[in-house]
Amino acid sequence: MGLLSSGTPLDWTETKKNSWNIRNSGIEQFIRIYKKFKNSCNYPFKWGDEIEFTLVRFDHDQKKVQLLLKAEQLLEKLKDSNIAFFHPEYASYMVESTPIEPFSFDLNTFKYLEDNMDLRRKTIEALLDQNEHVIFLTSFPLLGCDEFTYPSYKPSSNKHISSSIFYPDEIIFNGHPRFRTLSRNIRERKNKNVSIYVPIFKDKNTLSPFVEKLPCPESPECQNLAIEDHVYLDATGFGMGCSCLQATFQAESIEEAKHLYDQLLPLTPILLALSASSPIWRGYLCDIDCRWNVISASVDDRTDEELGHLPLKKDKYRVYKSRYDSVDSFLSEPGQLYNDIELVKDTEFYEKLIKNKVDKILAEHVSHLFIRDPIAIFKEKLTSDDDQDVDSFENIQSTNWQSMRFKPPPIRDNAEKIGWRVEFRPVELQFTSFENSAFCAFVILLTHAIKQFDLNFLIPISKIDENMERAQKRNACLEQKFYFRKNVFEQEDLIAKQKTCELVELSIDEIINGNDEFKGLSEILFDYLCMIENIEAFALCKLKQYIKLISSRANGTLMTPASYMRKFVKDHPKYLHDSVVDNEVNYDLIWHIYLITNRKIEMINSLNVLLVIVIAASLGSSKTIAGKEQDDDYSEESEINSK
Ligand code: ADP
Ligand code: MG
Ligand code: MG
Ligand code: MG
Ligand code: MG
Ligand code: MG
């Protein structure tokens, strides 16, 4: 996993003083890795997911649900698990989990993925008390509201970590100093709180203009922070306290890793929109469906000079994006034709990389990542003469949270022979292991299909940025159009350095399910599956269901979790159509999600019919749906009444 080395954290002034040293040693570490592994190849395809689970506690008498702060205690018990790996995450209500070992190329392993995800969830749940549960949730609707955690704390804006009027510091994971340190240093580097403005969804009874009354006990002027028609958030925890689904895969060589990184990058906004699941922020229905820009602003440590609000004096560069943002440059040769946004580099490190014969494209990529200061360093890590150490490189790499990550091999021993890997990072969490598996399968099948059919998804980086903005809008999955290549089967002319990309704007339905000119990604994946031999009927059936799920989201037969949550709120008898999601509505919503996760009820217009069709087509039997028998015994009514 990313850097979790520990020790005594430095304050911001000390961190800034040591910034060059850490970055310089990180560059040297990268050069060593590059020299050692640049020609290594023939690594087998492997892949693994990361899921961030959310801990919740229900109070059924009070009709209240809170985030449960128990991760420190649970991780202590989970650390020797032989079922999976469990890692700390930003907040004490989160637990990250990865499989005990990566999955192989063999598509038959998709038989186990759902069960594996559920097993991880249930392993945590088994350690909890009554009324405490583990769910898949991207963002908790009442994050930052009164008493949103168990136990509860009061925010205190004069404390020195988040300094938030909503977010108590006690929530930040305390078993490791990384998370509190980075929250404090982001704020201190910026010299003010992060500020996040989420546009409100205007319902028929929402005040217009909508202006929040902020809880500003100590400084009444903080009232000015409220902006018309927006919900104001003021702490790193609002973003870093969100959860997501990531998939990392190992490429055959460095060249293949660059190629697949580039080819998947244009698909990041598409998968973000398809997986959208975060429409409610600090108790308000908002006009966005995704977490992306919230996290981006929540860790945006740029100073006024870097933002271009003041002329550069103390700082070195004008910086165009947050540390958490979409990728700025393609890494393959053909991708260079589409790098059309300014890539700010640290010229000193760039020259050092070039002098050490790192290829120009990677030198640009790395020296771009290295314009960022480290934001959490530990005293014990300042002096290391260990030439197997990669902590300084990882320090900067793992605090550049981009839509994709290019991961070099870890240099130390490398006994397991880990190669160049690529991480796909935009996907939001789905309520069920079925849907989370579907998104993993979709991405992994795409990587195989890209290789098999030589697909080409390259479009200008600036258009991917634009697509990323569109992807987060309310109901983007059905209502937005996205820049896409007219012909994905055409390659670039590298000799003439000629771009072949003709851009079109397509709906997600057209991208996934096709139109008159393009067969669509789902058809391409079905074509790929047809070519695979030795695949067991059950695995094939699962993969077809997974593609079908994505395809049904794209054509609107199935809702995204975001649309589903919106509908749930709007249909709730206690909702007053004023955009406010209160304790009781939230309680019913999260309980409903808990039941869906545990397959005690199905989502409305949900998978049942779809599964039966797909399974009938593939196997002629329906007994293979895990938990299906049980589902039939539950109706939504009886379950809600019985809780
Ligand atoms: P990070 O937090 O840095 O993104 P993690 O270690 O938490 O990374 O998880 C990365 C994922 O990569 C896990 O699912 C893990 O199983 C998987 N993985 C581990 N080794 C390999 C490998 N050699 N190739 C591909 N995936 C791997
Ligand atoms: Mg991880
Ligand atoms: Mg991580
Ligand atoms: Mg994580
Ligand atoms: Mg990761
Ligand atoms: Mg952006």
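So, here's what we can say about the structure. In this text, all values refer to a predicted model and were calculated from it rather than measured experimentally. (Residues numbered from 1 in each chain as written. Chains lettered and ligands numbered in written order. Predicted model: local features only at pLDDT ≥ 70, side-chain atom pairs only at ≥ 80, totals over all residues. Heavy atoms only, no water.)

1. Brief notes about the coordination of the magnesium ion (ligand 4)
As a reminder, the rule being used: Any N, O or S atom lying within 2.8 Å of the metal counts as a donor, with the limit raised to 3.2 Å for Na, K and Ca; because water is left out of the atom set, some sites can appear incomplete.
Taken together, Glu52 (OE), Glu89 (OE) and Glu96 (OE) make up the protein donors of the magnesium ion (ligand 4), found 2.0 to 2.1 Å from the metal. Mapped onto the sequence, the donors of the magnesium ion (ligand 4) take the spacing E-x36-E-x6-E.

2. Description of the nonpolar core
The nonpolar side chains of a soluble globular protein tend to be buried with one another. This is how the line gets drawn: Definition of nonpolar core: a set of buried residues of the types Ala, Val, Leu, Ile, Met, Phe, Trp, Tyr and Cys, connected through side-chain atoms within 4.5 Å. The buried label goes to any residue with under 20% of its type's maximum accessible area, the exposed label to any with over 50%, and the partly exposed label to all in between, with areas taken from a 1.4 Å probe on protein chains only. Numbering of helices and strands starts at the N terminus; helices are DSSP runs of H or I of at least 4 residues and strands are runs of E of at least 2. Residue contacts are defined here by distance: any two heavy atoms, one from each residue, within 4.5 Å place the two residues in contact.
With 195 residues, the main nonpolar core has Trp47 and Leu521 as its most contacted residues. Looking at this core element by element, the count peaks at 12 residues for helix H14 (residues 433-453). Setting aside residues no more than four positions away along its own chain, Leu521 makes contact with Leu267, Phe442, Leu446, Phe457, Ile511 and Ile512.

3. Some details on the state of the cysteines
Which entries qualify depends on this criterion: In this description, the term disulfide denotes a pair of cysteine sulfurs within 2.5 Å.
This structure, assessed with the given rule, holds 1 disulfide. In this model, Cys216 is linked to Cys222 through a disulfide, with the two sulfur atoms separated by 1.8 Å. In this structure, the disulfide formed by Cys216 and Cys222 twists by about -70° around the S-S bond and is classed as left-handed. Side by side, Cys216 and Cys222 carry an identical accessibility label, which is buried.

4. A short note on the packing of H14 against helix H18 (residues 521-531)
Heads up, the condition is: A fitted line through C-alpha atoms serves as each axis, taken over the contacting stretch for helices, and the angle formed by two N-to-C directions is quoted from 0 to 180°. Relative orientations are named as follows: roughly parallel for angles under 35 degrees, roughly antiparallel for angles over 145 degrees, roughly perpendicular for angles from 65 to 115 degrees, and oblique for any other angle. Here the nonpolar group is Ala, Val, Leu, Ile, Met, Phe, Trp, Tyr, Cys and Pro; Asp, Glu, Lys and Arg are the charged ones; every other residue, Gly included, is treated as polar.
Orientation of H14 relative to H18, taken along the N-to-C sense of each, is 75°, at an axis distance of 10 Å. Regarding the angle of H14 to H18, the classification is roughly perpendicular. In this structure, H14 uses Phe442, Leu445, Leu446, His448, Ala449, Gln452 and Phe453 to contact H18, whose residues at the interface are Leu521, Ile524, Leu525, Asp527, Tyr528, Leu529 and Met531. Looking at the contact of H14 with H18 residue by residue, the class counts come to 11 nonpolar, 2 polar and 1 charged.

5. Thoughts on the side chain of Asp300
Filter applied, for reference: For this analysis, a polar contact is any N or O atom pair within 3.5 Å, provided that within protein one partner can donate a hydrogen and the other can accept it, and provided that sequence-adjacent residues contribute only side-chain to side-chain pairs.
Structurally, Asp300 can be placed in the loop between helix H9 (292-298) and helix H10 (304-307). A distance of 2.7 Å separates polar atoms of two side chains, one belonging to Asp300 and the other to Arg302. Look past the residues within four positions of Asp300 in its chain and what remains in contact with it is Ile186, Lys190, Val194, Leu307 and Ser322.

6. Topic: unusual backbone geometry
Each neighbour pair has its own omega, and for Tyr150 with Pro151 the value is -5°, a cis peptide bond. Looking at the secondary structure, you find Pro151 in the loop between strand E7 (149-150) and helix H5 (177-190). In this structure, the amide linkage connecting Ser208 to the following residue, Pro209, adopts the cis form with an omega of 0°. Tracing the backbone through its elements, the reader meets Pro209 in the loop between strand E8 (196-199) and strand E9 (230-233). Despite not being glycine, Arg282 shows a phi value in the positive range, around 45°. Classification of Arg282 by relative accessible area gives buried; the value is 9%.

7. Considering the pattern of salt bridges
Worth spelling out the cut-off: Salt bridges are defined as contacts in which a side-chain nitrogen from Lys or Arg sits within 4 Å of a carboxyl oxygen from Asp or Glu.
A complete count under the given rule lists 43 salt bridges for this structure. Arg470 is paired through a salt bridge with Glu466; the nearest N and O atoms lie 2.8 Å apart. Here Glu466 and Arg470 lie together in helix H15 (residues 461-471), a separation of 4 residues that amounts to about one turn. On the basis of relative accessibility, which here comes to 12%, the residue Arg470 falls in the buried class. Judged by relative accessible area, which is 32%, Glu466 ranks as partly exposed. Between Lys486 and Glu517 there is a salt bridge, with the nearest N and O atoms lying 3.8 Å from each other. Of the two residues, Lys486 is situated in the loop between strand E17 (481-485) and strand E18 (503-507) and Glu517 in the loop between helix H17 (508-513) and H18; the sequence distance between them amounts to 31 residues. Using a relative accessible area of 60% as the deciding quantity, one classes Glu517 as exposed.

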